[in-house]
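Tertiary structure, described
One-letter residues, chain by chain:
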Amino acid sequence: MRRLASAVVHVVGGGAYVSIWTLAVAVALSLTVVSPAGDLSPDEAFDGFVVSLIGALVFGLLLGLVAVLERNIPTPRGRATAVLAGVAVAAAARPLVQDAALRAAGFPGDSVEVLAFRVATNLIVWLVTLSVTALVVDAIRSRRRVNALLRSVRAELAAAQQSTEAYDRAARALVVRVVDDARTRLAQWNDPPTVEQVRAFAADAARAESHELADLAAAEPPRMPGELDVRRARLFGLRLPPVGLVGLVYLVFMLPYAVRAATPAVLVVGAVFLVIGSLATDYLPRRLSVLSGGRARAGVFLGVSVLTGFALSLASVLGGLTGIRVLIPALAFPLIAFAFAMLAAVVHALQVEQRRLSHAVASQQRALRRGTAPARAALTDAAQILHRDVQARCVLQLQTPSAGIAADIDELLAQAADVFARPAPPVGAEAVDQVIATWAHVIAVDVRIDDDARAALDGDGTLARDAYDIVAEGLLNAVKHADARRVGVSVDLTSTGAGRMLRLAVRCEGILPRGAALRPASHVRSLGAELVQVADSVVLRALLVVDPGGSRHPVVSAVHPA
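Keep in mind the model is a prediction, meaning the values are calculated, not measured. (Residues numbered from 1 in each chain as written. Predicted model: local features only at pLDDT ≥ 70, side-chain atom pairs only at ≥ 80, totals over all residues. Heavy atoms only, no water.)

This next bit is on the pattern of salt bridges. On inspection of all chains with the given rule, the structure shows 15 salt bridges. Where Arg 177 meets Asp 181, a salt bridge forms, and the shortest distance between an N and an O atom there is 3.3 Å. Of this pair, Arg 177 and Asp 181 both sit in helix α5 (residues 112-187), four residues apart, which is roughly one turn of the helix. A relative accessible area of 33% means that Arg 177 is categorised as partly exposed. For Asp 181, a relative accessible area of 30% corresponds to the partly exposed category. The salt bridge involving Asp 492 is made with Arg 503; its shortest N-O contact spans 3.0 Å. You can see Asp 492 sitting in strand β2 (residues 486-496) and its partner Arg 503 sitting in strand β3 (residues 499-509), a full eleven residues away along the chain. Taking relative accessible area as the criterion, Asp 492 reaches 10% and is therefore assigned buried. Owing to a relative accessible area of 39%, Arg 503 belongs among the partly exposed residues under this scheme. (Salt bridge = Lys/Arg side-chain N within 4 Å of Asp/Glu carboxyl O. Helix = DSSP H or I, 4+ residues; strand = E, 2+ residues; numbered from the N terminus. Buried < 20%, exposed > 50% of the residue type's maximum accessible area, 1.4 Å probe, protein only.)

Here's what the structure looks like:
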């Protein structure tokens, strides 16, 4: 009930209470169910229709004025006030206009007491009727908006998925091309290779190609156009409305006029017929086991509603009523049932469409959860193999020539070609030791790794892998760009306001050129590393977060000093 009240408040102050559908319902009911033609003889029916038409037009114009007002008032409270006051004025004016038109056509008008009763009943009937209509229209509009948004989101997700797939294909193709080009160059070497061949290979096949891989790893995936989901809900159909709704709406419409026009005996008979007919209309289609399909149940629902309408007309005849008014129940009840069955089908179809789109969006979100991360990681691995390992092997060859360089590089290229298939190898402090030991064959390396840092590296493979990449990059840069003969590597654990951090630094003597920095696409730069001048040394340094999930919370030790 609270949700219904909240929905009514929203729709009254929402700025769209009066719509084309509200006007259509108002005019249609003014010309049929609440028309004064039922109180006239068959010969006077045409005049009664003209009077009804005048009343409907005036009523529609007043509601149109309400629509203009509510769309130009900025606040919900102001809109609600305008709607309630405007509908009240329009509903109260309707019987007054009809009575004036009847008098102008030569028919006797109602007394003041009867006219006051009609004004009061019109206020109740039209406020309820127009509010129900506005609620239904608002619900349909809301679901249409949500479904349109879901279709757009699904199109965006589909485009992102296509972009991810295109990025993955491009990454795999680039790795294959780079490895094939490198192997082609390798096949052209002399045995043993010359210094010029090794240097050219290191510069072109290793360094330049690794930059191309790294650039793609840092690049945004290509933007693919998304296609909107063009499947829409089937909005034409019939479905059983909520139990009791048809009988309740019919009662709201007819009771004020029945109280005025019918005798107590007719009211009692009509009430009995209405209760029995409403129960049969609502429950027979739901209880008959032979009805297995929605169309069959809707057909029985409409058939029983027609019979109920005729039964209500029969009750009017048995109560002594005559004229056109006895046909009103036979028309009103099945029309109300048909209208609500159609509206129930519309709302249900939009609900089904919303669920379908929601499931599709959720599924695509799960598919995109990993995104381009695996392809980026593979590209980074391949770039690192070329940039770090292949170049390092070439530098070692230039320092200490050996006959097995081609086989060594071919093995490294095989690792690069396999980056999409093989899992990342587990790493720890030992991996950092190994890369330092490798470079120690060429240059002097002063190493300082404290025990806490080693424990952190051994306990977190991702942390160790990031540290390995930073140290390897620093050693390579020291040899390539600083012409260093001695390099210092320090790794220690420090506590900061942001938690425990692993502090890494690779330093060598030298002067950093003005404006020199890590490339934007550099992998170690993405890890937070920076290249700086400290006194007379060039330093590649970084701070890596250690166990970020737990280090930011205070911990109370269970051990207390005596």
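In this section: the packing of helix α8 (residues 264-287) against helix α9 (residues 294-318). Helix-helix packing: each pair is described by the crossing angle between the helix axes and the interaxial distance. The N-to-C vectors of α8 and α9 enclose an angle of 175°; their axes lie 9 Å apart at closest approach. Classified by the angle their axes make, α8 and α9 are roughly antiparallel. Two secondary-structure elements touch here, α8 through Val 266, Val 269, Gly 270, Phe 273, Leu 274, Gly 277, Ser 278, Ala 280, Thr 281, Asp 282, Leu 284 and Pro 285 and α9 through Arg 297, Val 300, Phe 301, Val 304, Ser 305, Thr 308, Ala 311, Leu 312 and Ala 315. Among the residues forming the contact of α8 with α9, the class breakdown is 13 nonpolar, six polar and two charged. (Axes fitted to C-alpha atoms, helices over the stretch in contact; angles between N-to-C directions. Parallel < 35°, antiparallel > 145°, perpendicular 65-115°, else oblique. Contact = heavy atoms within 4.5 Å. Nonpolar A, V, L, I, M, F, W, Y, C, P; charged D, E, K, R; others polar.)

To continue, consider the pairing of strand β4 (residues 530-534). Note: β4 against strand β5 (residues 537-545), five bridges, orientation antiparallel. Bridge pairing in β5 places Val 534 opposite Ser 537. With antiparallel pairing between neighbouring strands as the criterion, β4 and β5 make up a hairpin whose turn holds two residues, including Ala 535 at a positive phi of roughly 60°. (Pairing = 2+ DSSP bridges.)

The strand order across the open sheet formed by five strands is β1-β2-β3-β5-β4, and the pairing between neighbours is mixed. Two strands close off the open sheet at either side, each with one partner strand: β1 (444-449) and β4. Put simply, the sheet's adjacent strands are angled 25° from each other on average, direction ignored. Note that β1 and β2 share six bridges and pair parallel. Along β2, the bridge assignment pairs Val 445 with Val 487. With respect to the sheet, helix α14 (residues 451-459) is in contact with β1, β2 and β3, its orientation differing from that of β2 by roughly 80°.

Along the chain, the position of His 523 falls in helix α16 (residues 523-526). In this structure the side chain of His 523 is engaged in a polar contact, spanning 3.0 Å, whose partner is the side chain of Asp 469. (Polar contact = N/O pair within 3.5 Å; in protein donor to acceptor, adjacent residues only side chain to side chain.)

So, about the environment of Ala 26. If you trace the backbone, Ala 26 turns up in helix α2 (residues 20-31). Here Ala 26 falls in the buried class, since its relative accessible area comes to 1%. It is 9.0 Å that separates the C-alpha atoms of Ala 26 and Leu 63, two residues lying 37 residues apart in sequence. Residue contacts for Ala 26: discarding those within four places in its chain leaves Phe 59, Leu 63, Trp 126 and Leu 130.

The next subject is the pairing of β2. Sheet topology note: the β2/β3 ladder contains ten bridges and is antiparallel. Counterpart to Ser 495 in the pairing with β3 is Arg 500.

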